[in-house]
Amino acid sequence: MHAAGDRLLHTPEQAAALLQVPASWLRKKAASGAVPSTRVGRHLRFSRQDLDDIIRVGARSPSPRK
């Protein structure tokens, strides 16, 4: 069972604040399909799973040192 916070949808501004990125960047990436998002009618929203996926995909392994 999920906690109530897991089902919450975040506005682009709220999601951007959580990810510490500009809201404009997040909107552009969502519009191009580069990051997952949810549409509620004409409104762009981000679920907790969307945010987790954005973080997971953006994570990089450390490059080997020379």
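Look above for the structure.
Everything numeric here is computed off the predicted structure, so don't read it as measured data.

Draft legend 1. View of the pattern of salt bridges. Under the defined criterion, the tally for this structure stands at three salt bridges. Among the ionic pairs, Glu 13 bridges to Arg 27, the shortest N-O distance being 2.0 Å. You can see Glu 13 sitting in helix α1 (residues 12-19) and its partner Arg 27 sitting in helix α2 (residues 23-32), a full 14 residues away along the chain. With a relative accessible area of 34%, Arg 27 lands in the partly exposed category. Arg 56 is paired through a salt bridge with Asp 53; the nearest N and O atoms lie 3.5 Å apart.

Draft legend 2. Up close: α1. What α1 keeps buried is the set Pro 12, Ala 15, Ala 16 and Leu 19. The buried side chains of α1 occupy one side of the element, clustering within an arc of 100° when seen end-on. Positive phi shows up at Gln 20, right after α1, with a value of about 60°.

Draft legend 3. Looking closely at the side chain of His 10. The residue His 10 is located in the segment before α1 in this model. Classification of His 10 by relative accessible area gives buried; the value is 14%. Non-local contacts of His 10, meaning those with residues more than four positions away in its chain, are made with Ala 15, Leu 18, Leu 44, Arg 45, Phe 46 and Leu 51.

Draft legend 4. Main features of the nonpolar core. If you look at the biggest cluster of nonpolar residues, it comprises 11 residues: Ala 15, Ala 16, Leu 19, Ala 23, Leu 26, Ala 30, Val 35, Leu 44, Phe 46, Leu 51 and Ile 54. At the level of secondary structure, the elements contributing two or more residues to this core comprise α1, α2 and α3 (48-58). Filtering out sequence-adjacent residues up to four positions away, Ala 16 remains in contact with Val 21, Pro 22, Ala 23 and Leu 26.

Draft legend 5. Up close: unusual backbone geometry. Backbone geometry at Gln 20 places phi at a positive 60°, although glycine is not the residue there. Along the polypeptide, Gln 20 turns up in the loop between α1 and α2. Residue class for Gln 20 comes out exposed when judged on its relative accessible area of 74%.

So, how was this worked out
- Residues numbered from 1 in each chain as written.
- Predicted model: local features only at pLDDT ≥ 70, side-chain atom pairs only at ≥ 80, totals over all residues.
- Heavy atoms only, no water.
- Salt bridge = Lys/Arg side-chain N within 4 Å of Asp/Glu carboxyl O.
- Helix = DSSP H or I, 4+ residues; strand = E, 2+ residues; numbered from the N terminus.
- Buried < 20%, exposed > 50% of the residue type's maximum accessible area, 1.4 Å probe, protein only.
- Arc of directions from axis to C-beta.
- Contact = heavy atoms within 4.5 Å.
- Core = buried A, V, L, I, M, F, W, Y, C linked by side-chain atoms within 4.5 Å.

Read these as geometric descriptors, not functional statements.
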